[in-house]
Amino acid sequence: WAGVCRLCVVGVGGAAVCRVMGKCLSCVSYGAAGARGQQPQHSSSSTQLQQQHIPLTQAEHHRTPQQSNSANSLSDLHRSTHPQPSDTHSNGSGKNSNLPTSTSSEKRSFYSRLPPLTMSASAEVRRLSSKDYSETKINSLFDHYKDPNYDAILSEGIEKFCLDLDVRPDEFKVLVLAWKFGAETMCCFTRKEFVSGCKALHVDSIKGIQAKFPDMLNEVKEYSEKFKELYRFTFRFGLDSESDQRILPSDMACVLWKLVFSQQEPNILKQWLTFLERHPNIRGIPKDTWNMFLNFTETVGDDLSCYDDTEAWPSLFDDFVEYENDRLNQNISEDPEDEMN
């Protein structure tokens, strides 16, 4: 039976009979005859089987042992000469299976390898898509401290607010918090400033604000641009916005310089503040002088040796350097032993 498709045939009476249709397929030369376009010759046995319409199962039962052995040999010969293609997909049991004959159990094992959507993943998606603060709680927190006659937290409310935060009103943390809230006036938080500031920090409680203090302090400590923003904010924060003040009083400027540099103090800060205190005629600090003082501390060095009077510094800085040089020269002339040492 060489040349005959043996996937679905059974030998009956020396002929090849289709297992599915129950019809005679060909004699032993069917494959060659079919290739030449000739009609296969049917054997009398197969024709008789077709006429009797014997079912496939009955035909198999009527096979003689010799016919069964021939059919088995035929199947073995076909498997050896035409190996079945291997499926590259695994059925989950570690063995490869043929796609046309995959079973439902193999399909189940395939889908079982897909990662299930766990409850924790769903909860994470919901958490990321939802707010981690409540605007209602923020407004309630504001109402707890606001002045009864104004929709703002004023001096008394600020003191109570700082007390609950376990900080002092003149502490560096409060200055940073006011910067984060975008406060326009010292000792005053409007509702808009308070609510928008808490939303930016993603907090709605006292404990939430306290938990944010370390991050806020590290931000201005690690990033010079953030500290520069805080430094420039401090000047505006100290002005009296109601009177449209443009120049910061000298005494207020000294207090705010001490506050804003409390975490990292420049070496010349004490000499600068002493100079201002000993010159009461200096009544105010303009915005340009305030802003340039930060650059001044980073440029002149610890002993003012890097100061260049040809640069466009404010005249107040020139007076300060001249004052310091005179003071140092007087100290040297008053104590010659120190000069020799």
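A brief report on the enclosed structure follows. Predicted, not measured: the structure shown is a model, and the values here were computed from it.

Conventions adopted
Within any chain, residue numbers begin from 1 and follow the written order of that chain's sequence. Where totals are concerned, whole chains, interfaces and linings use all residues; where local detail is concerned, this predicted model gives features only for residues with pLDDT of at least 70, and gives and counts side-chain atom pairs only at 80 or more. Just so you know, side-chain values use all the structure's heavy atoms and leave hydrogens and water out. By definition, any uninterrupted DSSP run of H or I lasting at least four residues is a helix, any uninterrupted run of E lasting at least two residues is a strand, and each is numbered from the N terminus. Each residue gets one of three labels from its accessible area relative to the maximum for its type: buried under 20%, exposed over 50%, partly exposed in between, using a 1.4 Å probe on protein chains only. Contact definition: two residues touch when any of their heavy atoms are within 4.5 Å. Here the open area of atoms and residues is found with the Shrake-Rupley method and a 1.4 Å probe, where only the protein chains shown may cover a residue. The aromatic pairing rule takes the rings of Phe, Tyr and Trp, using the six-membered ring of Trp, and pairs them if the centres are within 6.5 Å, calling planes under 30 degrees apart stacked, those over 60 edge-to-face and the rest tilted. Whether a charge lies above a ring is judged from NZ of Lys or CZ of Arg, which has to be within 6 Å of the ring centre and within 35 degrees of the ring normal. When a carboxyl oxygen of Asp or Glu lies within 4 Å of a side-chain nitrogen of Lys or Arg, that pair is called a salt bridge. Nine residue types can take part in a nonpolar core, namely buried Ala, Val, Leu, Ile, Met, Phe, Trp, Tyr and Cys, and a core is a set of them joined through side-chain atoms within 4.5 Å. Axis definition: a line fitted to C-alpha atoms, limited for helices to the stretch in contact. Angles are taken between N-to-C directions and run from 0 to 180 degrees. For classification purposes, an angle smaller than 35 degrees is called roughly parallel, one larger than 145 roughly antiparallel, one from 65 to 115 roughly perpendicular, and anything else oblique. Left-handed describes a crossing in which the near helix is turned anticlockwise from the far one by less than a right angle; the clockwise case is right-handed. Three categories are distinguished: nonpolar for Ala, Val, Leu, Ile, Met, Phe, Trp, Tyr, Cys and Pro, charged for Asp, Glu, Lys and Arg, and polar for the others, with Gly belonging to the last.

**Quick notes on the overall build of the protein chain**
Here is step 1 of the chain: Scanning the protein chain for helices and strands turns up 17 helices and seven strands.
Here is step 2 of the chain: Within the span of the protein chain, comprising 341 residues, buried residues form 34% of the whole.
Here is step 3 of the chain: Within the protein chain, contacts between residues separated by at least 24 positions form 59% of all contacts whose residues are at least 6 apart in sequence.
Here is step 4 of the chain: With an accessible surface of roughly 22,000 Å², the protein chain has 51% of that area assigned to carbon and sulfur atoms.

**As for the packing of aromatic side chains**
Here is step 1 of the chain: Following the criterion strictly, the structure yields 29 aromatic pairs and no others.
Here is step 2 of the chain: Ring geometry for F296 versus Y307: centroids 5.8 Å apart, planes at 75 degrees, classification edge-to-face. Pair noted here: F296 is in helix 15 (residues 287–299) and Y307 is in the loop between helix 15 and helix 16 (315–334), with a separation of eleven residues, a long-range link.
Here is step 3 of the chain: Directly above the aromatic system of W179 lies the positively charged group of K180, at a separation of 4.9 Å from the ring centroid.

**Considering the pattern of salt bridges**
Pairing is possible between side chains that carry opposite charge, provided their charged atoms lie close to one another.
Here is step 1 of the chain: In this structure the tally under the stated criterion is nine salt bridges.
Here is step 2 of the chain: Ionic pairing is found between R191 and D151, a salt bridge with its closest N-O pair at 2.8 Å. Here D151 lies in the loop between helix 7 (135–145) and strand 4 (152–153) and R191 lies in helix 10 (residues 191–201), a separation of 40 residues in the sequence.
Here is step 3 of the chain: Assessed through its relative accessible area of 22%, R191 is described here as partly exposed.
Here is step 4 of the chain: Classification of D151 by relative accessible area gives partly exposed; the value is 43%.
Here is step 5 of the chain: We note a salt bridge from K226 to E219, for which the minimum N-O separation is 3.8 Å.

**Let's talk about the nonpolar core**
Here is step 1 of the chain: Among the nonpolar cores identified, the biggest contains 67 residues, and F194, L230, W257, W272 and F296 are the most heavily contacted of them.
Here is step 2 of the chain: With eight residues, the top contributor of residues to this core is helix 9 (residues 172–181).

**Regarding the environment of M292**
Here is step 1 of the chain: Checked against the element boundaries, M292 lands in helix 15.
Here is step 2 of the chain: In this structure M292 comes out as partly exposed when scored by relative accessible area, which is 26%.
Here is step 3 of the chain: With residues up to four places along the chain from it excluded, the contact list for M292 reads A312, W313, P314 and F317.

**A word on unusual backbone geometry**
Here is step 1 of the chain: Phi at D166 takes a positive value of approximately 65 degrees, unusual for a residue other than glycine.
Here is step 2 of the chain: The topology assignment puts D166 in the loop between helix 8 (155–165) and helix 9.

**A word on the packing of helix 8 against helix 11 (residues 206–222)**
To describe two helices that pack against each other, one gives the angle between their axes and the distance between the axes.
Here is step 1 of the chain: Contact pair helix 8 / helix 11: the axes reach a minimum separation of 9 Å and the direction vectors enclose 70 degrees. Accordingly, the angle class assigned to the pair helix 8 and helix 11 is roughly perpendicular. Helix 8 and helix 11 meet at a crossing whose hand is right-handed. Of the residues in helix 11, those touching helix 8 at F161, D164 and L165 are I206, I209, Q210 and F213.
Here is step 2 of the chain: Across the contact of helix 8 with helix 11, the residue classes break down as five nonpolar, one polar and one charged.

By themselves, these observations are geometric and do not establish any function.
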